[in-house]
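Each chain, written out:
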Amino acid sequence: DCLLSRGLGDVYKRQVRISNKIAGLIGTAAFWLVFFVFITAASDAAELTVFSNWLENIVAYLPYLLGGGFLIFFGYLFSIAVRDVVTTTLSSLC
């Protein structure tokens, strides 16, 4: 909550809140990301090629998944900003 609200105005502070559930989900995702990277390195060092190749494919796909999540999140924030601008503009005309 504190990290996101630093760069946002007062209007967006009340709209962008990260609950404890979402923060826990992000923490769990970060844990598994780091875990997969190290398991991949360990299986590569142990010369478990089939398992290592499978994990490398999973780890190679994760940046695309993360990028898509960021695009959705920032698109959501941008849509809120556009909605507020349009609503304020239209309400000031009447």
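As the structure is a prediction and not an experimental result, all values here were calculated from the model.

Chemist: What should I look at first to understand the overall build of the protein in this one?
Modeler: Secondary structure summary: the protein contains 4 helices and 0 strands in total. Sequence-ordered secondary structure for the protein, helices as α and strands as β, is α-α-α-α. A buried classification covers 10% of the 94 residues belonging to the protein. Considering only residue pairs separated by 6 or more positions, the protein has 33% of its internal contacts joining residues 24 or more positions apart. Counting every atom, the protein has about 7600 Å² of accessible surface; 72% of that belongs to carbon and sulfur.

Chemist: What exactly am I supposed to notice about the packing of aromatic side chains here?
Modeler: By convention here, two paired aromatic rings are described through the distance between centres and the angle between planes. If you walk through the whole model with that rule in mind, you get 7 aromatic pairs. A ring pair is formed by Trp32 and Phe35, whose centres lie 5.2 Å apart and whose planes are at 90 degrees; its orientation type is edge-to-face. Taken together, the residues Trp32 and Phe35, both in helix α3 (residues 20–45) and 3 residues apart, mark about one turn of the helix. The exposure class assigned to Trp32 is partly exposed, which follows from its relative accessible area of 41%. Here Trp32 and Phe36 contribute two aromatic rings whose centre-to-centre distance is 6.3 Å and whose plane-to-plane angle is 45 degrees, an arrangement assigned as tilted. With Trp32 and Phe36 both in helix α3 and 4 residues apart, the pair spans about one turn of that helix. You can call Phe36 partly exposed: its relative accessible area is 25%.

Chemist: What am I meant to see in the environment of Ser43 here?
Modeler: Mapped onto the elements of the fold, Ser43 is located in helix α3. Each residue touching Ser43, except ones within four places of it in the same chain, is listed here: Leu48, Phe51, Ser52 and Leu55.

Chemist: How do you make sense of a nonpolar patch on the surface when you look at a structure like this?
Modeler: Side chains of Phe78, Val82, Val86, Leu90 and Leu93 sit close together on the surface and give an oily, nonpolar patch of about 520 Å² of accessible area. By secondary structure assignment, the location of Leu90 is in helix α4 (residues 49–93).

Cut-offs used in this document
- Residues numbered from 1 in each chain as written.
- Predicted model: local features only at pLDDT ≥ 70, side-chain atom pairs only at ≥ 80, totals over all residues.
- Heavy atoms only, no water.
- Helix = DSSP H or I, 4+ residues; strand = E, 2+ residues; numbered from the N terminus.
- Buried < 20%, exposed > 50% of the residue type's maximum accessible area, 1.4 Å probe, protein only.
- Contact = heavy atoms within 4.5 Å.
- Areas by Shrake-Rupley, 256 points an atom, 1.4 Å probe, with all protein chains shown as cover.
- Phe/Tyr/Trp six-rings, centres within 6.5 Å; stacked < 30°, edge-to-face > 60°.
- Patch = residues over 30% accessible without salt bridge, like charges linked within 9 Å, V, L, I, M, F, W, Y side chains within 5 Å.
- Salt bridge = Lys/Arg side-chain N within 4 Å of Asp/Glu carboxyl O.

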